[in-house]
Amino acid sequence: MPALACCVDAAHAPPGYAFPAGDSSLPFPVPCSPGVPLSTTSTHTAAAASENSSAHWSPSLSAALYKIDGWGAPYFSVNSSGNVSARPYGTDTLPHQEIDLLKIVKKVSDPKWVGGLGLQLPVIVRLPDVLKNRLESLQSAFDFAIQSQVYEAHYQGVYPVKCNQDRFVVEDIVRFGSPFRFGLEAGSKPELLLAMSCLCKGNPEALLICNGFKDGEYISLALIARKLALNTVIVLEQEEEIDLVIELSKKMSVRPVVGVRAKLRTKHSGHFGSTSGEKGKFGLTTTQILRVVKKLEQAGMLDCFQLLHFHIGSQIPSTSLLADGVSEAAQIYCELVRLGARMQVIDIGGGLGIDYDGSKSGNSDLSVAYGLEEYALAVVQAVKFVCDRKNVKHPVICSESGRAIVSHHSILIFEAISSSSTSAASMTSYEMQYYLGGLTEDARADYRNLTASAIRGEHEACLLYADQLKQSCVDQFKEGNIGMEQLAAVDALCELFYKTIGASDPVRTYHVNLSLFTSIPDFWGIGQLFPIVPIHRLDQRPGARGILSDLTCDSDGKIDKFIGGESSLPLHEIEGGGAGGNGGKYYLGMFLGGAYEEALGGIHNLFGGPSVVRVSQSDGPHSFLVTQAVPGPSCGDVLRVMQHEPELMFETLKHRVEEYCHHDEDSDDGDSDHGMGSIASLANSLASYFHNMPYLVAPCSVTAMNNSGFYYCNEDDYNAAADTSPCEDEK
């Protein structure tokens, strides 16, 4: 049987057509490779092979495929059901304490009457237990390094709130870090206000580090914090700031604690090191630091100079670079002690990196070649060595680790709603033969050459003649000489040849219910990659590869680069009828995105942020409890951000509805009640649009909607449901 006749299911003409007698001058094409015949059983054979391969697939193979054991350890793994599980206590998590992410999604998205929260995806799942474990692990690493090196001071960190200013994240860090004197770092006036408020409930010894460019208002606010008995340190980023500090502190009768940010020679060469080195954006040179010392001495305030800060960049790749920078800073610290400053603290800034791709490599912005223990040991050893050599008392070590603290605790979960590929629709050989019969002579010549090349197995010639045939037909179509059916037939024919010789693009586009610019802005802005993984069906072999396309109308709204240097991601088919035991839904999770993404996100296309839930480990059958749930911003909320007034917009539309319906009613012979009913119905429907999230609503959620076709409620409803409604099996 000819190759293209393999899919013939009935010998009848396309609708509205009758077959001509036939054209023997158009031979049926044959496979380009005689060793790969296309037969009627090919589909069934492929399906059987796929089923057989899935039978030998396992969750552990998926864990290896997506490198989960690399970037996810010790907080994420794949369970025996093929779902991603969170391990809230890291290595100390017991098997019954693991939290199945798919069960969280079910709890969050199910309607209220079946025990769910009725929230719409996308959703950020916060795991405060992971946040607590990260803080404890960082503190333990430094405690061990200090003890093992006989270091004669302690470590106390601060969290830079710019990484994630969410109220509950900051409050959790202050609460969890209170036993360790863990503090906060602020880089602007609003950040300083929130840090002051939160630290009122923190440890009195916790540091409040004031970084960033400062004006008189910023410095006055920092001095007020000092007056409120908060352990506040004003870190000078520019030399002229010292004049304001001296002037305002005398005017307000507050004795300040001052630090400087040193502009080190040590430079981080990676993407995140652009603010380091002599030409960095922030900090003072050694010459400027000496002038600050002189000004403080002249003002009788040299004893206020107590902290040295530096920052050589985020994601420091190796401990050798770290130790180099710390050693240089420690030398400056010792010199300041010699000059008479009452130095107490060396603040090594941020830079503690995380492993986004699981490679444990020091040659990539996506990874680091060390763990918490190695990081802490390198810092302690470097400071101790310099101070001992200079006979200087060991300072308190402070770090401003943000990315390493909050990245793991937040998971963005979203749904792939459909997939598509560029392949042409399939046609039966009879349809193809019919439509190809109307081609021009030039196109028919390319068709014959294509078939002859296929018979000879000349793949390069196949590609050449296929491209010529397609272009010839496109030209003819533009001139109106052939119809759409003939153009589609040529596309289908060429696609068949491409597939046979392995030249077709196997990568599909998966459309996800998400805004890249809102939820993953670092990917678009700086090419930052995050682990993205299906959170379920990991007991099945992925049968496709895909890129992710978001809801925005921007061509940049796609994710086409993934960890491991991949340009596509292994994915499963999106199936209907309960695929994977989940009603055909296909959920993906973006991990390690707890730092920066929420603060940087915009509202491109007026897509607001996702819903947010806080999930804590519990002793119930599902091992978790949703303690807070907040719906994402509504259409009205995001309109207000851009200065629109939803209430006035609704009134304008309501007046238009009344005008339209009354006009409709006047032209209708029916009773007036029908017209008034239409007015109320349309007005209610319009009102509901303002209250709902901008993201797509799944068809299966129709039963969860109100009478106007949409489901919505206020934040208090969600929080009440979250506080009082445990998981189904825990009720």
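Our structure is the block above this text.
Here the structure is a predicted model, which means the values were calculated and not measured.

A.B. asks: I keep staring at the environment of Lys558 and nothing clicks. Help me out?
C.D. replies: Tracing the sequence through the fold places Lys558 in strand β17 (residues 558-559). The exposure class of Lys558 is partly exposed, given its relative accessible area of 35%. The sequence separation of Lys558 and Tyr510 amounts to 48 residues, and the corresponding C-alpha distance is 9.5 Å. Lys558 has contacts with Leu516, Phe523, Leu548 and Ser549, leaving out every residue within four places of it along the chain.

A.B. asks: Teacher, can you tell me more about the packing of aromatic side chains here?
C.D. replies: Each aromatic ring pair is characterised by the separation of its centres together with the angle its planes make. Considering all chains together, one arrives at 11 aromatic pairs under this definition. An angle of 90° between the planes, with centres 5.6 Å apart, marks the rings of Tyr356 and Phe530 as edge-to-face. Taken as a pair, Tyr356 in the loop between β11 (345-347) and α12 (372-390) and Phe530 in the loop between α19 (521-526) and β15 (532-534) lie far apart in primary sequence, 174 residues in all. Exposure class is identical for Tyr356 and Phe530. Each is buried.

A.B. asks: Can you walk me through the pairing of strand β9 (residues 258-261) in this structure?
C.D. replies: Where burial is concerned, the two faces of β9 agree: the one with Val258 and Val260 and the one with Gly259 and Arg261 are both buried. As judged from the three bridges shared by strand β8 (residues 231-236) and β9, these two strands associate in the parallel manner. In the sheet register, Leu236 faces β9, and the bridge partner there is Val260. With helix α9 (residues 241-252) bridging β8 and the parallel β9, this β-α-β connection has right-handed handedness. In this sheet, strand β10 (residues 305-309) lies alongside β9 in parallel orientation, the contact comprising four bridges.

A.B. asks: Can you walk me through the sheet that holds strand β3 (residues 99-100) in this structure?
C.D. replies: In a beta sheet, neighbouring strands pair by backbone hydrogen bonds and run either parallel or antiparallel. Taken together, three strands build an open sheet; the order of strands is β1-β2-β3 and the sheet is antiparallel. Two strands bound the open sheet, and with one partner strand each, they are β1 (76-78) and β3. As defined by bridge partners, strand β2 (residues 84-86) adjoins β3 across two bridges and the pair is classed as antiparallel. Counterpart to Ala86 in the pairing with β3 is Ile99.

Calculation criteria
- Note that residues are indexed from 1 along each chain, following the sequence as it is written.
- Only residues with pLDDT of 70 or above have their local features reported here, since the model is predicted, and side-chain atom pairs are shown and tallied only from 80 upward, although totals for entire chains, interfaces and linings are computed over all residues.
- The basis for every side-chain value is the complete set of heavy atoms in the structure, and neither hydrogens nor water enter the calculation.
- Here a helix means four or more residues in a row that DSSP labels H or I, a strand means two or more in a row labelled E, and each is numbered from the N terminus.
- Throughout, exposure labels follow a simple rule: accessible area from a 1.4 Å probe, protein chains only, divided by the maximum for the residue type, with under 20% read as buried, over 50% as exposed, and the rest as partly exposed.
- Contacts between residues were defined by any pair of non-hydrogen atoms, one from each residue, lying within 4.5 Å.
- Classification of ring pairs rests on two measures: the distance between centres of Phe, Tyr or Trp rings, Trp counted by its six-membered ring, which must be within 6.5 Å, and the angle between planes, read as stacked under 30 degrees, edge-to-face over 60 and tilted in between.
- Two strands qualify as a pair provided DSSP detects at least 2 bridges between them.
- With the strands aimed away from the viewer, a crossover counts as right-handed if its path from the first strand over the helix to the second runs clockwise.

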